[in-house]
Amino acid sequence: MTNLNPSENIIQASLGFDYVFSNDLEGAKQHLSSHDSPFHLMGLGCVVFLQAALGMEACLMVEATSLLTQAEIKAKKEAKAQKNRNNSQMRRFPPGLDFEVLQADAILLLGITQALTESYTGYIQCMCSCGSAHTKFTRIYNVVFPDGIEAFASLSSTPVQSRQASMNDVSLLTPSTPSSTSTVPSGNRSGFFGRWIPASSKPVSPAPVSTLLPADGPVEELIIAGAAFGYGLFNLILSLLPVKIRGVVGFFGYKSDRRLALHALAVAATKDDAHAVFAGLTLMSYHGAVLLSSGYQADEEHIMKLYKSIVEKFTRKYPAGSLCILNAAKILRISSDLDGAIAVLRAGLAPDRPHSFAQADALLIFELAWTLLSQRKYEESAEMFMKMTEVNSWSHATFYFIAAGCHSAVGNNTLAQSLLDSIPELLEKRKLAGRDLPSEVFIRKKVAFYKQKQTRRCGSDSDFAECIKISPAEGNQNIIVWNMHHRLPLAAAEDRIREWTALSYADVVKENFPIPKSTAFNEKITSILYDIDTPDELALRSLLLGVVHRSISHFPEARGFLLEVATYNVEFKWMKGLALFELAVVRLQEAEAAEKAEAPALLSVAPTKQSKALWQSALKDAEELLDRALEATGNADMSSRIESRISMLRDEISFKRKLALGD
């Protein structure tokens with residue numbers, strides 16, 4: 001049993017995370033195993049959780065569950081003991097609140113670990129755990145921030161948009177102490193099931209104001225950072241849920257505010273506590289996702305500045321950390337410096353660096369594979385995707401499929417066919433409660449599609465890699481939905497445009513939807529062996545050309561190709577919804593380009609009548625296109641990911657409306 005006090009335990013446990021984010025997992029486990037305090041158990045559980053979450057390893061999920069459960073039980077016991085202990089020491093927060101934060105952390109990570117099992121039972125357990133953690137974090141948040149968190153300084157040094165608090169007053173850089181007793185609200189239990197949600201309405205008395213109140217120490221840092229992190233993380237997750245799921249959780253009284261969530265996480269990231277590191281990682285992941293996935297940003301310069309500041313802060317602390325290297329490379333890729341990104345990633349994977357955090361290194365390999373693919377270095381990219389099967393247990397079929405597409409792109413059909421032939425067996429090994437993973441649903445359909453095409457052309461589906469004319473490495477649903485073609489360098493974009501524009505197809509394909517089975521019709525196509533002989537391939541070609549033209553600001557060409565997608569009667573329905581989303585992006589980017597070209601001086605001052613008219617029309621058009629995109633997406637494959645992109649873009653539109661119209 002450890003003899004350290006809570007402050008000492010927090011300091012010692014926090015050192016374990018320094019090992020983790022410096023890529024020394026063995027050192028972290030050894031350090032955290034040296035004491036059995038709730039803080040050390042929680043740290044050890046977090047380490048194994050990170051391994052399980054990043055590597056999707058079932059055995060690690062079991063170990064993480066055991067450690068987190070022990071930490072939760074110990075934290076709960078210690079919180080109760082602290083409250084019952086007669087302690088006259090002057091405190092800023094109620095006794096035991098630090099252990100309540102720890103307990104909420106453990107419950108939250110337990111819920112996520114249960115979801116990682118990818119079983120319906122696991123998802124139900126996750127919902128229960130997350131509901132309990134949400135209630136606890138909400139209560140803690142109201143104790144720590146009785147007047148709200150908007151006025152607290154964050155990494156952005158910018159107040160939350162649409163909030164009234166000013167950041168100019170130095171006194172606001174520390175929490176204000178309320179002058180009267182605060183009451184913890186009952187969780188805003190207005191939802192349909194609100195009265196069954198456990199919450200406390202017991203008044204909580206803050207510490208009295210006193211000049212003798214000690215300065216913040218490790219316990220206070222943990223409480224403030226933990227409250228801000230937990231509240232911010234929950235709000236962010238809820239705000240990113242697909243519309244249908246968000247409607248369901250709304251019945252339970254859960255509501256979200258994404259901008260407040262981001263501010264809370266930024267507040268947590270300013271602290272000197274393990275929560276600050278996780279808040280920073282969450283912000284890095286989110287801002288990277290927005291820059292890569294939303295397609296348009298209302299204030300890209302500000303997002304990039306914030307993203308870079310977070311990465312720089314954590315790189316200074318953990319210069320050898322794979323997660324810092326990963327985000328530094330992403331910034332370079334987002335800036336279209338692919339050569340720089342590749343150099344950073346290769347240096348991060350160099351053999352002379354510490355590599356005991358294999359799951360984090362896998363993220364570097366994955367990012368390198370995408371970056372090489374963006375640069376059309378297909379064979380090197382294929383090598384990296386295949387390497388992923390050695391370090392990660394997630395969908396090997398997906399990695400094989402993309403690698404096959406890379407080899408197909410350079411004409412190596414023999415190797416591509418060998419990889420494609422391995423996919424059926426891989427698909428059987430990886431199931432989600434008897435169903436394929438979403439990405440694997442697409443792969444199964446696409447392989448069947450290629451076999452049908454080869455049969456039409458040659459009378460047999462053998463060697464069907466020969467009929468692939470739009471590489472699965474480029475036309476893969478995952479790659480397009482993840483927006484891999486965004487922010488391409490000009491040369492890489494133009495090479496793709498030339499290749500796809502040169503593909504041959506019969507005009508009769510456009511005139512007949514769906515393709516008739518008549519022999520006479522098929523003879524018109526198969527006698528010449530056009531590259532493209534189905535509406536689906538034409539729609540995919542148009543979608544890709546639209547996206548790539550948009551990425552290099554060829555807006556008229558992009559709009560023309562994207563509008564074509566809706567004219568085809570396709571089997572793969574996701575393309576229509578995504579094309580409408582891309583049209584919304586084109587409309588916004590086009591408006592921004594017009595504003596810069598016609599009135600650059602207006603950008604640094606208040607909106608004028610001219611700029612307001614420009615944006616009023618553009619924002620209205622974009623909103624309408626997103627409504628249509630959401631409707632067209634329906635239950636199509638990958639619909640939840642498309643909906644997430646729609647949600648991100650709606651946020652950017654809302655923010656742009658404030659900036660441009662003052663609404």
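1. Quick notes on the overall build of the protein chain
Assigned secondary structure in the protein chain consists of 28 helices and two strands. Taking all contacts inside the protein chain whose residues are at least 6 apart in sequence as the whole, residues at least 24 apart take part in 69%.

2. Here we look at empty space enclosed by the protein
Applying the stated criterion across every chain, the model contains six cavities of 30 Å³ or more. What lines the second largest cavity is a set of 14 residues, and nearest its centre among them are Phe21, Leu281, Tyr318, Leu323 and Cys324. Taken together, the elements giving at least two residues each to the lining of the second largest cavity come down to helix H10 (274-293) and helix H12 (322-334). Here the lining of the second largest cavity is composed, by residue class, of 11 nonpolar, three polar and no charged.

3. What about the confidence of the model for the protein chain?
Looking at the protein chain as a whole, its pLDDT mean stands at 80, while 79% of the residues score no less than 70. Across residues 512-522, confidence stays below pLDDT 50; counting only partners more than four residues off in sequence or on other chains, it has 17 contacts.

4. Considering the side chain of Ser551
Note on placement: Ser551 falls in helix H24 (residues 535-551). When its relative accessible area of 17% is taken as the criterion, Ser551 is described as buried. A polar contact of 2.7 Å, which involves the side chain of Ser551, links it to the backbone oxygen of Val548. With residues up to four places along the chain from it excluded, the contact list for Ser551 reads His485, His486, Arg487, Leu488 and Ala493.

5. Some words on unusual backbone geometry
With the exception of glycine, most residues fall at negative phi, and the peptide bonds are largely trans. In this model, Asn23 sits at a positive phi of 75 degrees, which is unusual for a non-glycine residue. With respect to the helices and strands, Asn23 occurs in the loop between helix H1 (6-20) and helix H2 (25-32).

6. A few points about helix H11 (residues 300-317)
The end-to-end C-alpha separation of H11 is 26 Å, in line with the 26 Å expected for 18 residues at 1.5 Å each. Within H11, the full set of buried residues consists of Ile303, Met304, Leu306, Tyr307, Ile310, Val311 and Phe314. For H11, the angular spread of buried residues about the axis comes to 165 degrees, placing them on one side. Counted as exposed and oriented over 90 degrees from the buried face of H11: Glu301, Lys305 and Arg316.

7. Remarks on the state of the cysteines
In total, this model carries zero disulfides according to the counting rule given. Cysteine Cys467 shares no disulfide, and the gap to the nearest cysteine sulfur, in Cys458, comes to 8.0 Å.

8. Section: the packing of helix H21 (residues 490-501) against H24
Packing of H21 against H24 leaves a shortest axis separation of 10 Å and a crossing angle of 155 degrees. As far as their axial angle goes, H24 and H21 are roughly antiparallel. Here H21 runs over H24; the crossing is left-handed. Residues Ala493, Arg496, Ile497, Trp500 and Thr501 of H21 lie in contact with H24, whose contacting residues are Arg541, Leu544, Leu545, Val548, His549 and Ser551. Counted by class, the contact of H21 with H24 contains six nonpolar, three polar and two charged residues.

9. Considerations on the packing of aromatic side chains
Within the structure shown, the criterion is met by 18 aromatic pairs. For the ring pair Phe21 and Phe278, a centre distance of 5.7 Å and an interplane angle of 75 degrees mean the geometry is edge-to-face. Here Phe21, found in the loop between H1 and H2, pairs with Phe278, found in helix H10; they are 257 residues apart in sequence, far enough to count as distant. Among the residues examined, Phe21 registers a relative accessible area of 6% and is labelled buried.

10. Here's the deal with the pattern of salt bridges
Inspection of the entire model under this criterion finds 23 salt bridges. We note a salt bridge from Glu474 to Arg496, for which the minimum N-O separation is 3.1 Å. Of this pair, Glu474 sits in helix H19 (residues 472-475) while Arg496 sits in helix H21, placing them 22 residues apart in sequence. Each member of the pair, Glu474 as well as Arg496, is classed as buried. Two residues, Glu582 and Arg550, come together in a salt bridge whose shortest N-O distance is 2.6 Å. Taken together, the residues Glu582 in helix H26 (residues 574-598) and Arg550 in helix H24 connect sequence positions 32 residues apart. A single burial state applies to Glu582 and to Arg550, both of which are buried. Counted as one network, the salt bridges with shared partners bring together Glu623, Asp627, Arg650 and Arg657.

11. Let's talk about the nonpolar core
Of all hydrophobic cores here, the largest spans 101 residues; its most connected members are Leu373, Leu543, Trp574, Met575, Trp615 and Leu649. Per element, the largest residue contribution to this core is 12 residues, and it comes from H26. Non-local contacts of Leu373, meaning those with residues more than four positions away in its chain, are made with Tyr378, Ser381, Phe385, Ile402, Cys406, Ala473, Glu474, Ile479, Met484 and Arg496. Among the nonpolar cores identified, the runner-up in size contains 96 residues, and Phe17, Ala115, Met284 and Leu306 belong to it.

12. Let's talk about the environment of Lys77
Inspection of the secondary structure assignment puts Lys77 in helix H4 (residues 58-84). Using a relative accessible area of 65% as the deciding quantity, one classes Lys77 as exposed. Remark: the alpha-carbon pair of Lys77 and Phe99, spanning 22 residues in sequence, is separated by 8.7 Å.

13. Description of the side chain of Ser293
Mapped onto the secondary structure, Ser293 falls in helix H10. Residue classification places Ser293 among the buried residues on the basis of a relative accessible area of 15%. Once you skip the residues sitting within four places of it in the chain, Ser293 turns out to touch Trp482, Asn483, Phe581, Arg645 and Met648.

14. Re the environment of Met484
You can see Met484 is positioned in the loop between helix H20 (477-481) and H21. Along the chain, Met484 and Trp370 lie 114 residues apart, while their C-alpha atoms are 7.5 Å from each other. If we ignore the near neighbours within four places in the chain, the residues touching Met484 are Trp370, Leu373, Ser374, Ala473, Glu474, Ile479 and Arg496.

15. Some words on the packing of helix H7 (residues 218-240) against H10
At their nearest, the axes of H7 and H10 sit 9 Å apart, and the two run at 25 degrees to each other. Classified by the angle their axes make, H7 and H10 are roughly parallel. Between H7 and H10 lies a crossing of left-handed hand. Each of Leu222, Ala225, Gly226, Phe229, Leu233, Leu236 and Leu240 in H7 lies in contact with H10, whose residues at this interface are His275, Phe278, Ala279, Thr282 and Tyr286. Its residues assigned to classes, the contact of H7 with H10 shows nine nonpolar, three polar and no charged.

16. Comments concerning the environment of Ala151
Relative to the helices and strands, Ala151 is located in the loop between helix H6 (120-144) and strand S1 (182-183). The class for Ala151 is buried, based on a relative accessible area of 18%. As for Ala151 and His263, which are separated by 112 residues in sequence, their C-alpha atoms are 9.8 Å apart.

Criteria and cut-off values
Residues numbered from 1 in each chain as written. Predicted model: local features only at pLDDT ≥ 70, side-chain atom pairs only at ≥ 80, totals over all residues. Heavy atoms only, no water. Helix = DSSP H or I, 4+ residues; strand = E, 2+ residues; numbered from the N terminus. Contact = heavy atoms within 4.5 Å. 1 Å grid on protein atoms, 1.4 Å probe; cavity = no way out; pocket = protein on both sides within 12 Å on 5 of 7 lines; lining within 4 Å. Points joined across faces, edges and corners; volume = space filled by probe spheres on them. Nonpolar A, V, L, I, M, F, W, Y, C, P; charged D, E, K, R; others polar. pLDDT = per-residue confidence, 0-100. Buried < 20%, exposed > 50% of the residue type's maximum accessible area, 1.4 Å probe, protein only. Polar contact = N/O pair within 3.5 Å; in protein donor to acceptor, adjacent residues only side chain to side chain. Expected span 1.5 Å × (residues − 1). Arc of directions from axis to C-beta. Disulfide = S-S within 2.5 Å. Axes fitted to C-alpha atoms, helices over the stretch in contact; angles between N-to-C directions. Parallel < 35°, antiparallel > 145°, perpendicular 65-115°, else oblique. Left-handed = near helix turned anticlockwise from the far one by under 90°. Phe/Tyr/Trp six-rings, centres within 6.5 Å; stacked < 30°, edge-to-face > 60°. Salt bridge = Lys/Arg side-chain N within 4 Å of Asp/Glu carboxyl O. Core = buried A, V, L, I, M, F, W, Y, C linked by side-chain atoms within 4.5 Å.

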